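# Summary of structural features
So the chains spell out like this:
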Amino acid sequence: MEFQIVLFYVFAAILVIAAMRVITARNPVHAVLFLVLAFFSAAAIWMLLKAEFLAIVLVLVYVGAVMVLFLFVVMMLDINLDKIREGFWNYFPLAATVGVIIVLEMATVLLRGFWRGEAQNSLVSTAHIGGTKELGLLIYTQYIYAFEIAAVILLLAIIAAVVLTLRRRKDTKYFDPADAVKVKRSERVRLVKMQAEKSREK
C-alpha cells in the first residue's frame, strides 16, 4: 500500500470522527472546534487529490473566516444548554427521517457514479481538477447560470442578516447618522456665560 493511500485513510478517518463529534458534542464551542478539524481534514484530502485551489479556498474561506466567526458568536452568546436539551427527543424522529433520506440520496449518487465509471462521469481530468483555469472555464461557461443564482442568493442572505440585526433597542445608545451630518457648528458647543465665584475665607 502506498504512503499516499495511507494518508488518505488517516485523514478520512479523522474527518468522519470529527463530523460525528460535531453533532454529538454537548458543548457548542467543542462542536465548532470539531467542525474546524473536519474542514482541515477535508482540505488535506483535497491536497492529496491534487486540488490545491479547492483546499486553499476551504481553509481560507471556511476555517479562516466562517468558522472563526461562528466560534466567536457561540462563545459570546449566553447559551443555556439545559434548556436546549429539553426538546431533543421531541425533534428526534423528524431529524432521523431527514438524516436517513440524506444518506439514501448520497448513496444513490455514489453508486450511480461507480456504475457509470470514471471516464463517463468526469467532465475534466482528475489531474487538473483543482486548477483555477479549469474551474474558471466550467463556472463561467457550463455553470454560469447556477453561479449567478448562487451569487444572488448570497446577496439576499447578507441583506436579510443586516435587516434582521438592525433593530433599535432601548438599552443601547443610538443616533441617526443623517442628523449627525446635518448638525451645525453652533449646535455642537454651547457657551454659557457665568459670573466668576470667589471663595470666601473665614
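A quick note: this is a predicted structure, and the numbers were derived from the prediction, not measured. (Residues numbered from 1 in each chain as written. Predicted model: local features only at pLDDT ≥ 70, side-chain atom pairs only at ≥ 80, totals over all residues. Heavy atoms only, no water.)

## Observations regarding the overall build of the protein
To keep it simple, the criterion reads: Numbered from the N terminus, helices here are DSSP runs of H or I no shorter than four residues, and strands are runs of E no shorter than two. Note on exposure labels: buried denotes an accessible area under 20% of the residue type's maximum, exposed denotes more than 50%, and partly exposed covers the range between, all computed with a 1.4 Å probe on protein chains only. Contact definition: two residues touch when any of their heavy atoms are within 4.5 Å. Per-residue accessibility takes into account occlusion by the displayed protein chains alone, with areas from the Shrake-Rupley method and a 1.4 Å probe.
Helix and strand counts for the protein come out as 10 helices and 0 strands. Tracing the protein from N to C terminus, the helices and strands come up as α-α-α-α-α-α-α-α-α-α. Sorting the 202 residues of the protein into buried and exposed places 12% on the buried side. Contacts in the protein between residues at least 24 apart in sequence constitute 56% of all its contacts with a sequence separation of at least 6. Just so you have it, the protein exposes about 18,100 Å², and 68% of that area is on carbon and sulfur atoms.

## Describing a nonpolar patch on the surface
Basically, it comes down to this: Two distance rules govern patches: like charges are joined within 9 Å, and nonpolar side chains (Val, Leu, Ile, Met, Phe, Trp, Tyr) within 5 Å, applied only to residues with over 30% relative accessible area and no salt bridge. Salt bridge, as used here, is a side-chain nitrogen of Lys or Arg placed within 4 Å of a carboxyl oxygen of Asp or Glu.
A contiguous nonpolar patch, built from Phe 53, Ile 56, Val 57, Leu 60, Val 61 and Tyr 62 and spanning about 520 Å² of accessible area, is present on the exposed surface. Structurally, the position occupied by Val 61 is in helix H3 (residues 52-76).

## Quick word on the packing of helix H1 (residues 3-24) against helix H2 (residues 28-48)
Applied cut-off: In this analysis an axis means a line fitted to C-alpha atoms, helices contributing only their contacting stretch, and an angle means the value between N-to-C directions, from 0 to 180 degrees. By definition in this entry, angles of less than 35 degrees are roughly parallel, angles greater than 145 are roughly antiparallel, angles of 65 to 115 are roughly perpendicular, and the rest are oblique. Should the near helix be turned counterclockwise from the far one by less than a right angle, the crossing is left-handed, whereas a clockwise turn marks it as right-handed. Residue type decides the class: Asp, Glu, Lys and Arg count as charged, Ala, Val, Leu, Ile, Met, Phe, Trp, Tyr, Cys and Pro as nonpolar, and the leftover types, Gly among them, as polar.
It is at 8 Å that the axes of H1 and H2 come closest, and there the two elements cross at 155 degrees. In terms of axis orientation, H1 runs roughly antiparallel to H2. Along this stretch, H1 crosses H2, giving a crossing that reads as left-handed. Where H1 abuts H2, its residues Gln 4, Leu 7, Phe 8, Phe 11, Ala 12, Ile 14, Leu 15, Ala 18, Ala 19, Arg 21 and Val 22 lie against Ala 31, Phe 34, Leu 35, Leu 37, Ala 38, Ser 41, Ala 42, Ala 44, Ile 45 and Leu 48. Taken together, the residues of the contact of H1 with H2 sort by class into 18 nonpolar, 2 polar and 1 charged.

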